[in-house]
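Examining the three-dimensional arrangement
Here is what each chain is made of, one letter per residue.
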Amino acid sequence: MRKTECLAMILAGGQGSRLGALTKKIAKPAVPFGGKYRIIDFPLSNCSNSGIDKVGVLTQYRPLELHSYLGTGGAWDLDRNGGGVFILPPYAQEKGADWYKGTADAIYQNINFIEITNPEYVLILSGDHIYTMDYSWMIESHKMNKGEATIGVIEVPWEEAPRFGIMSTDKKGRVTEFAEKPSKPKSNLASMGIYVFNWKFLKRYLEEDAKDSVSNHDFGKNIIPKMLAADAKLFSYAFDGYWKDVGTIASLWEANMDLLKENPSLNLHDPLWKVYSVNPSLPPHYIASTANVTSSIVSEGAMIYGEVENSVIFHGVKIGKGAKIINSVIMPFTTIGENAYIEKAVVAQNCEIGSGAKIISEDNSVIVVPEGEVVLAENSSKQVG
Amino acid sequence: MKTVMGIIDLQENDKLIKEMTAKRPLAAVPFAGRYRLIDFSLSSMVNSGMDTVGILLPNKSRSILDHLRSGKDWDLARKHDGLFYLPPAEAENGLRNGNIQSFYRHLDFIENSSQKYVLISGSRIVYNMNFDNVLRFHQNTGADITMVYNMESTENTAGGTVIKTAENGLVQDIAVQAVTYEDAKVAMGIYLMDKHIFTNIVESCFSHGGTNFLIDGLMHVDDSYSIYGFKHDGYVARINSTASYYKASMEILNPEIWQEIFMNVDRVYTKVKDEAPAQYKKNAKATNSLIANGCVVEGTVENSILFRGVKVGKGVHVKNSIVMQKCDLQEDALIENVICDKNVVITHGKWLKGASNYPLIVEKGVVI
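Residues numbered from 1 in each chain as written. Chains lettered and ligands numbered in written order. Predicted model: local features only at pLDDT ≥ 70, side-chain atom pairs only at ≥ 80, totals over all residues. Heavy atoms only, no water.

**What about the environment of Pro359 of chain B?**
All names here are of chain B.
- Note on placement: Pro359 falls in the loop between strand S27 (351–353) and strand S28 (360–362).
- Separated by 321 residues in sequence, Pro359 and Ile38 have C-alpha atoms that sit 23 Å apart.
- Excluding residues within four positions of it along the chain, Pro359 makes contact with Thr242, Tyr246, Asn337 and Ile339. (Helix = DSSP H or I, 4+ residues; strand = E, 2+ residues; numbered from the N terminus. Contact = heavy atoms within 4.5 Å.)

**A look at the UniProt feature "binding site: alpha-D-glucose 1-phosphate" (unreviewed entry) in chain A**
All names here are of chain A.
- Within the UniProt annotation, "binding site: alpha-D-glucose 1-phosphate" (unreviewed entry) is assigned to Tyr100, Gly165, Glu180, Lys181 and Ser191. With the annotated positions falling across 92 residues, the maximum pairwise C-alpha distance of 23.5 Å shows that they are not confined to a single cluster.
- On the secondary structure map, Tyr100 appears in the loop between strand S5 (84–88) and helix H3 (103–108).
- Overall, the relative accessible area of 10% leaves Tyr100 in the buried class.
- Beyond its immediate chain neighbours, meaning those up to four positions away, Tyr100 contacts Leu58, Thr59, Gln60, Leu88, Pro89, Pro90, Asp105, Ala106, Gln109 and Asn110.
- With respect to the helices and strands, Lys181 occurs in the loop between strand S10 (175–180) and strand S11 (189–198).
- Exposure remark for Lys181: the relative accessible area of 53% places this residue in the exposed category.
- Discounting chain neighbours no more than four positions away, the residues touching Lys181 are Pro162, Arg163, Phe164 and Gly165. (UniProt positions renumbered as here; feature names shortened; annotations may be inferred. Buried < 20%, exposed > 50% of the residue type's maximum accessible area, 1.4 Å probe, protein only.)

**Quick notes on the interface of chain A and chain B**
- Listed as interface residues are 45 residues of chain A and, on the opposing side, 38 residues of chain B.
- A combined buried area of about 3300 Å² lies between chain A and chain B, and 50% of that area is made up of carbon and sulfur atoms.
- On the chain A side of the contact with chain B, His269, Pro284 and Tyr286 of chain A bury the most area, a combined 20% of that side's loss.
- Put simply, chain A and chain B have 2 salt bridges between them.
- Applying the counting rule to chain A against chain B returns 22 residue pairs in polar contact (both at pLDDT 80 or more). (Buried area = accessible area lost by both parts, 1.4 Å probe. Salt bridge = Lys/Arg side-chain N within 4 Å of Asp/Glu carboxyl O. Polar contact = N/O pair within 3.5 Å; in protein donor to acceptor, adjacent residues only side chain to side chain.)

**So, the sheet that holds strand S15 (residues 292–294) of chain A**
Residue and element names in this part refer to chain A.
- Read from one edge of the open sheet, 5 strands run S15-S18-S21-S24-S27, paired in parallel fashion. Strand pairing shows two members of the sheet lacking a second neighbour, S15 and strand S27 (358–359), which therefore form its edges.
- Direction of pairing for strand S21 (residues 324–326) relative to strand S24 (residues 341–343): parallel, over a ladder of 3 bridges. Looking across to S24, one finds that Ile325 is bridged to Ile342. (Pairing = 2+ DSSP bridges.)

**Comments concerning the domain arrangement of chain B**
Residue and element names in this part refer to chain B.
- Annotation of chain B at the domain level lists domain 1 (4–262) and domain 2 (279–362).
- The straight-line distance from the C-alpha centre of domain 1 to that of domain 2 is 32 Å.
- Across the contact, 18 residues belong to domain 1 and 22 residues belong to domain 2.
- Between domain 1 and domain 2, a total of about 1700 Å² is buried, with carbon and sulfur atoms accounting for 67% of that surface.
- The largest share of the area that domain 1 buries against domain 2 comes from Gly33, Tyr246 and Leu253, three residues that together contribute 37% of it.
- The interface formed by domain 1 and domain 2 contains 1 salt bridge.
- For the interface between domain 1 and domain 2, the tally reads 4 residue pairs in polar contact (both at pLDDT 80 or more).
- For the side of domain 1 that touches domain 2, the secondary-structure elements that each account for two or more residues are helix H1 (18–21), strand S2 (30–31), strand S3 (35–36) and helix H9 (242–252).
- The leading source of residues in the side of domain 1 that touches domain 2 is H9, at 6 residues. (Domains from an automatic or database assignment.)

**Points about the pattern of salt bridges**
Residue and element names in this part refer to chain A.
- Counting across every chain of the model gives 33 salt bridges over all chains.
- Linking Arg80 and Asp53 is a salt bridge whose minimum nitrogen-to-oxygen distance equals 3.8 Å. Of this pair, Arg80 sits in the loop between helix H2 (64–70) and S5 while Asp53 is found in the loop between helix H1 (41–49) and strand S4 (54–58), placing the two residues 27 residues apart along the sequence.
- Look at the salt bridges and you will find they share partners, linking Lys244, Glu254, Asp258 and Lys261 into a network.

**What about the packing of aromatic side chains?**
Residues and elements named next belong to chain B.
- Counted according to the given criterion, the structure contains 27 aromatic pairs over all chains.
- Plain terms: the ring middles of Tyr35 and Phe262 are 4.8 Å apart, the flat faces sit at 15° to each other, and that makes the pair stacked. With Tyr35 in strand S3 and Phe262 in helix H10 (residues 255–262), this pair connects stretches of sequence that are 227 residues apart.
- Given the relative accessible area of 1%, Tyr35 is considered buried.
- Given the relative accessible area of 1%, Phe262 is considered buried.
- Taking the centre distance of 5.3 Å and the plane angle of 70° together, the rings of Phe137 and Phe230 count as edge-to-face. Remark: Phe230 occurs in strand S12 (residues 227–231) and Phe137 occurs in helix H6 (residues 132–141); sequence separation between them is 93 residues. (Phe/Tyr/Trp six-rings, centres within 6.5 Å; stacked < 30°, edge-to-face > 60°.)

Next comes the structure, spelled out in structure tokens:
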């Protein structure tokens, strides 16, 4: 059998509580994004396009919809003989059952799974980032540096640096210092939460960390600082494409709006780097003669009779005559009645917005309509906020 | 419907739609922005619960093989049953042609299947139908052979097979006509029968020198078998000429028909291409159009169908046209009443116009 050189593990168990109403019923990685995708499509497609054909997906919070979405991985071309997608929720062991207590603990609890594959390297990914990236270059760089760990980093604006885990590096890219959310950052290289580890090296640290009762069992907070303290060979790998953490409503909305620029920096139309998703089997969308759509993206099966400006319209959405959608994200199979007005909103899937309803926030923040909600014109003002 | 196997006969007459079928069979002609004609029959079979479908291949079959592959996108890549390819039989001494020869050659496949019935269909007709009703009708009437027809609302100069039925559905006459008139009962090329009856007809037809299943087979069964007609009430479009292709495409722009065919509980499946959602730029203006994923629209599109991955540049005007996969309409180009086959490039500022009742066809891959 072919040996798996690199096994990818996607951390997809987080509750995503900062996404509020959008993650009441589904896990964060299953949240719809960009007109036809779900967030997890990005790391999965990256794996598939990078030639990584064995991917563990660690799930925990509200996993059912995510599990059914992943299926056997066929949508990402990951239904492979002896490989493909492995769904890894917490499971009971002889000493009892335990939830994943942190990102490192989630991997620790799956040591058995990783040992079966026995890869040279493990690639740890997060299930809540939007980006397209060829991991094979990062792995190559890890090999060239003869590193024990390589951390994906991206330059962020200096004023935003205090929000991230910040890496300081020497000329060769070796990490000299790591500071989690520093108030006075020494560098503007932010950790992307993407790591390549030599498996044997990582395993040692995971086992030590598991014994540490005061640890948060988190890669950023515990594992990386411990490795750094032991003077391990940690390198950075700089990524210069589009990358966005969509952990909050505001950032999710922004990332959607980023797709609407005249020349979006995230190219979803690259024939050599397609982002895959589960296909809803819907026809091309219909734009009626009363419709007017500008600076927007629209997916299959949508029916548009109204006006859409600078918005993301998912598959199966219906927008009635005279309705106006501005700077908003309308998720799958939501119906918007005639003459409704929606501005700067994220309307989740399967909602019904009545005719004449008005959805706009009073304070310029992004307003969210949770999954399956029915909003009528009479009470639409109460919906605000 | 597990008791019914499907056979889609792709050896169809494509004489009247030559521009689009030079390199592909009729079944592989792109339709409605995303599909190929075969998708409609095949999806109806799958949605009816049939899980064995044989595809009787025509000579130029590469595009159809590339489209269907393992059958996975139709959920037909299965351990048992699933999708089967039936290659065309070579004409011996060049004397025999037609589908009887090919059916005859594959009779063992049909005999060895575990299903009781066989449902034969072509691919040129656009519909979304659940064959469950056809099977129930077949069993209730005790028919030996059931053929599906619909009532044509307009005259069709490309011709068709017109049938006459008694009140109980018994078929009294079958005639192939050059023109079918309003209110005619026109056969849809869909036949349901016990597989032994099918085998008998094919064998007898073959031994008597017949070549065509309908003309030499069904029309000559005399009284030995009873034939019943099942009326299908849904939308039907027959694609047998360039004019009918254009007409049906424009009909799909009617949201009621679009919804009936595509937004039905039973979906129409096709090969998945994983294109990004369509992108409308600042100056885009689209009205009464079907626009597939992967398109980037910067110009004006009206009463038109854009297939996957079409680029409509700045200042471009697309009117009453059908633009197939990956065409590139560059700045200030204008097309009206035009069908652009796949990968056509209309360069900067070129104008192309067809007649409103006869579109101009730009062949695959042409750069203008």
